[in-house]
There are 2 protein chains.
Amino acid sequence: MTSPTIVTAAMLAIGDELLSGRTKDKNIGHLADMLTLVGIDLREVRIVADDEEAIVDAVNALRSRYNHVFTSGGIGPTHDDITADAISRAFGVECIHDPKAMDLLGAMYERRGMDFTDARKRMARMPAGATHIPNPVSTAPGFAVENVYVMAGVPQVFQAMLDALLPSLETGTPIQSRTVRSPYGEGDIGAPLTEVQKKNPETSIGSYPKFDGKNFSTDIVIRGRDAAIIAAAEADVISMIEAIGRLREEKQP
Amino acid sequence: MTSPTIVTAAMLAIGDELLSGRTKDKNIGHLADMLTLVGIDLREVRIVADDEEAIVDAVNALRSRYNHVFTSGGIGPTHDDITADAISRAFGVECIHDPKAMDLLGAMYERRGMDFTDARKRMARMPAGATHIPNPVSTAPGFAVENVYVMAGVPQVFQAMLDALLPSLETGTPIQSRTVRSPYGEGDIGAPLTEVQKKNPETSIGSYPKFDGKNFSTDIVIRGRDAAIIAAAEADVISMIEAIGRLREEKQP
């Protein structure tokens, strides 16, 4: 096969409520699923509070290290929504009321007969020069600056923005995976699985213990970017499980 | 009141499966809930892959910055379980088969008539000098080195280890919170809520939009470390919502 293209990403989830336990994040898992599908490798996630310093530090650390950075949260109309300010500071540009976003929101509130309050105008704030990420759910756009994509924290809105954004992004060769269920725990498969991994170096083989309250079993996941290579490793894993089964039968009295 | 004691923490969740979307993390939200209850402020969470470099970097960044660091994942018996090695490297100590853990596991497998395989012996590995975190679910202990607490990724085991660990940790003055439901969206409450926050600087007031598919409403959460101060802020929030309601009624034809 031709050598695969690797495109990497990080996510920054922003919000006190995620760290207090009040809100259980739903965006990280969704982003992970979507990026895996399109061929972007999610390499790191951070969750920080609504704290400008913490957001700036994290964004600057991540945007230099990965191809794409996705953020969630902190772009609403209230005083604790400070993501636009923090991203502007991270890039050293002014945070402005974006004229196009003001038009979009002004027209929407006029249509709905609602006041375009100062609070609502906050939702048009973004770093000067940012481009919009459309929000088909509730109009107020997310925004992109270079390789940083700033989206809402409300899952329905985050998901809609991501759907709008993803087709425009650089993607790589998708990682494919196959899962083999092992009725044996990790303690039984550990040593032979290490051999299977060594024999199949172009795949990444992970084992994920499951516990039903009494016994452990294992899901063995083979990941790679080439279907034939994955299939060969999968066959080795299946042979390994069969061999463990035979060994156990022989031991029975 | 006497000045509150602030104790901070970070979490590091370790595992390729969290970043591929295969596993949806359940430990972050649980840890956040538990720490909030006992009076430890969770300030940052990171998720990294089963990658020694990434784990070492994250642990070293977090353990110097926060009072406590909790990790999940990567302490099982298979080749992709490399957390013990990474934590040892982060602290510059040797990763050994801990004698007490070897005894504990050896006895358990003997009782169960199972082989104490080399893979299972991997679960006794930890940095030299580490202390155990008991595992009442499946025996293999977690471990603590200085302010870093290394626990399993399987949620039942993570939770049991955390229950065993928490009573021994330094805690601070718990943050208490009160939630006020607002039938109005953030755009309506943004400006007056900023005033309420300014009037109550010893509280942290957050607003969390909810979307039912058609309309936005808001949960307003007041956080602080003193019940009387929180109650005063809560009264201001309730008055604010009533005032918005009156204003709306006056506007109706």
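Rules of the game
- Within each chain, residue numbers correspond to sequence positions counted from 1 in written order.
- Starting at A for chains and at 1 for ligands, labels are handed out in the order in which the entities are written.
- Whole-chain, interface and lining totals are the exception, using all residues; otherwise, since this is a predicted model, local features are given only for residues with pLDDT of at least 70 and side-chain atom pairs are given and counted only at 80 or more.
- Water and hydrogen atoms were dropped before computing side-chain values, which therefore reflect all heavy atoms in the structure.
- Whether two residues are in contact is decided by their heavy atoms, any of which lying within 4.5 Å being enough.
- Two parts lose some accessible area (1.4 Å probe) when they are put together, and adding that loss for both gives the buried area.
- By definition here, a salt bridge exists when the distance from a side-chain nitrogen of Lys or Arg to a carboxyl oxygen of Asp or Glu is within 4 Å.
- Distance and chemistry together define a polar contact, namely a pair of N or O atoms within 3.5 Å, with one atom able to donate a hydrogen and the other to accept it when in protein, and with adjacent residues in sequence counting only for side-chain atoms on both sides.
- Here a strand is any run of E in DSSP of at least two residues, a helix any run of H or I of at least four, and the numbering for each starts at the N terminus.
- Residue classes follow a fixed rule: Ala, Val, Leu, Ile, Met, Phe, Trp, Tyr, Cys and Pro count as nonpolar, while Asp, Glu, Lys and Arg count as charged, and any other residue, Gly among them, counts as polar.
- Pairing between two strands is assigned when DSSP locates at least 2 bridges connecting them.
- Working convention: axes come from line fits to C-alpha atoms, limited for helices to the stretch in contact. Angles between N-to-C directions cover 0 to 180 degrees.
- Partly exposed describes any residue whose relative accessible area lies between the buried limit of under 20% and the exposed limit of over 50%, with all areas from a 1.4 Å probe on protein chains only and scaled to the type maximum.
- Either an automatic procedure or a domain database provided the assignment from which the domain bounds are taken.
- UniProt positions are given in the numbering used here, feature names are shortened, and annotations may be inferred rather than shown by experiment.
- When describing relative orientation, an angle under 35 degrees is termed roughly parallel and one over 145 degrees roughly antiparallel, while 65 to 115 degrees is termed roughly perpendicular and anything else oblique.
- Note on convention: near helix rotated counterclockwise from far helix by under a right angle means a left-handed crossing. Clockwise means right-handed.

## Considering the interface of chain A and chain B
Each partner contributes residues to the interface: chain A has 57 residues there, and chain B has 57 residues. Summed over both sides, the interface between chain A and chain B buries roughly 4,500 Å², with carbon and sulfur atoms accounting for 54% of that surface. Area buried by chain A at its contact with chain B is led by Leu19(A), Arg22(A) and His79(A), which between them contribute 14% of it. In this structure, Arg22(A) and Asp219(B) form a salt bridge, with 2.7 Å as the shortest nitrogen-oxygen distance. The tally of links from chain A across to chain B stands at 24 residue pairs in polar contact (both at pLDDT 80 or more). Only α1 (16–20), α2 (27–38), β2 (41–48), α6 (118–122), α7 (155–165), α8 (186–199), β10 (204–211) and β11 (216–224) of chain A provide two or more residues apiece to the side of chain A that touches chain B. Broken down by element, the side of chain A that touches chain B gets its largest block of residues, eight residues, from α8(A). Class assignment of the residues belonging to the side of chain A that touches chain B gives a composition of 22 nonpolar, 18 polar and 17 charged. Summarising the sheet, β2(A) and strand β2 (residues 41–48) of chain B pair through five bridges and their orientation is antiparallel. The residue of β2(B) that forms the bridge with Val45(A) is Ile47(B).

## Concerning the side chain of Arg125(A)
Residue and element names in this part refer to chain A. With respect to the helices and strands, Arg125 occurs in strand β5 (residues 125–127). Separated by 2.7 Å, the side chains of Arg125 and Asp85 make a polar contact. Not counting residues within four places of it along the chain, the set of residues in contact with Arg125 comprises Ala84, Asp85, Cys95, Ile96, His97 and Phe143.

## Comments concerning the sheet that holds strand β9 (residues 176–182) of chain A
The strands making up a sheet are joined through hydrogen bonds of the backbone, oriented either antiparallel or parallel. Residues and elements named next belong to chain A. Strand order across the open sheet formed by three strands is β9-β11-β10, with antiparallel pairing between neighbours. Edge positions in the sheet fall to β9 and β10, since each has one partner strand and no second. Put simply, the sheet's adjacent strands are angled 20° from each other on average, direction ignored. In this sheet, β11 lies alongside β10 in antiparallel orientation, the contact comprising eight bridges. Each bridged residue has a counterpart across the sheet, and for Gly206 the counterpart in β11 is Val221. Contacts between helix α9 (residues 227–251) and the sheet are confined to β9 and β11, with β9 contributing the most and set at about 5° to the helix.

## A closer look at the sheet that holds strand β9 (residues 176–182) of chain B
Residues and elements named next belong to chain B. The strand order across the open sheet built from three strands is β9-β11-β10, with neighbouring strands paired in antiparallel fashion. Strands at the two margins of the open sheet, each flanked by one partner only, are β9 and β10 (204–211). For this sheet the average axis-to-axis angle between neighbouring strands, irrespective of direction, equals 20°. Where β9 meets strand β11 (residues 216–224), seven bridges bridge the pair, whose relative direction is antiparallel. Paired with Arg181 across the bridge in β11 is Asp219. Helix α9 (residues 227–251) contacts β9 and β11 of the sheet and is inclined by roughly 5° relative to β9.

## Re the environment of Glu17(A)
Tracing the chain through its elements places Glu17(A) in helix α1. Note: C-alpha distance between Glu17(A) and Val48(A) (31 residues apart in sequence) is 9.9 Å. Ignoring any residue separated from it by four or fewer positions in sequence, one finds Glu17(A) in contact with Arg22(A), Thr23(A), Asp50(A), Tyr208(B) and Arg223(B).

## So, helix α4 (residues 83–91) of chain A
Residue and element names in this part refer to chain A. For α4, a buried count of seven out of nine residues is recorded, marking the element as mostly surrounded by other parts of the structure. Along α4, the residues that are buried comprise Thr83, Ala84, Ala86, Ile87, Ser88, Ala90 and Phe91. Two residues or fewer after α4 comes Gly92, characterised by a positive phi angle close to 65°.

## With respect to the domain arrangement of chain A
Domain boundaries assigned for chain A yield domain 1 (8–168) and domain 2 (176–251). The C-alpha-based centres of domain 1 of chain A and domain 2 of chain A are spaced at 39 Å.

## Points about the pattern of salt bridges
Within this structure, the stated rule accounts for 32 salt bridges over all chains. Among the salt bridges present, the one from Arg125(A) reaches Asp85(A), with a minimum N-O distance of 2.7 Å. With a gap of 40 residues between them, Arg125(A) in strand β5 and Asp85(A) in helix α4 connect regions that are remote in the sequence. You can call Asp85(A) partly exposed: its relative accessible area is 21%. For Arg181(A), the salt bridge goes to Asp219(A), with nearest N and O atoms at 2.9 Å. On the criterion of sequence distance, the pair formed by Arg181(A) in strand β9 and Asp219(A) in strand β11 is long-range, its members being 38 residues apart. Exposure remark for Asp219(A): the relative accessible area of 3% places this residue in the buried category. Several salt bridges converge on common partners, so that one network encompasses Arg22(A), Arg181(B), Lys210(B) and Asp219(B).

## Comments concerning the UniProt feature "domain: MoaB/Mog" (unreviewed entry) in chain A
In the numbering adopted here, UniProt assigns the feature "domain: MoaB/Mog" (unreviewed entry) to residues 10–172 of chain A. Helix makes up 42% of residues 10–172 of chain A and strand makes up 21%, while its end C-alpha atoms are separated by 15 Å.

## Quick look at the environment of Gly29(A)
Relative to the elements of secondary structure, Gly29(A) occurs in helix α2. Residue class for Gly29(A) comes out buried when judged on its relative accessible area of 14%. Taking the C-alpha atoms as reference points, Gly29(A) and Ser72(A), 43 residues apart in sequence, are found 12 Å from one another. Every residue in contact with Gly29(A), bar those within four places of it in the chain, is listed here: Gly21(B) and Lys24(B).

## Describing the packing of α2(A) against α7(A)
Helices that pack against each other are described as a pair by the angle of their axes relative to one another and the distance between those axes. Residue and element names in this part refer to chain A. Look at α2 against α7: their axes get within 10 Å of each other, and the N-to-C directions meet at 20°. When the interaxial angle is binned, α2 and α7 end up roughly parallel. As for the relative orientation of α2 and α7, their crossing is right-handed in sense. Facing Asn27, His30, Leu31 and Met34 of α2, the residues of α7 in contact are Pro155, Phe158, Gln159, Leu162 and Asp163. Split by residue class, the contact of α2 with α7 holds five nonpolar, three polar and one charged.

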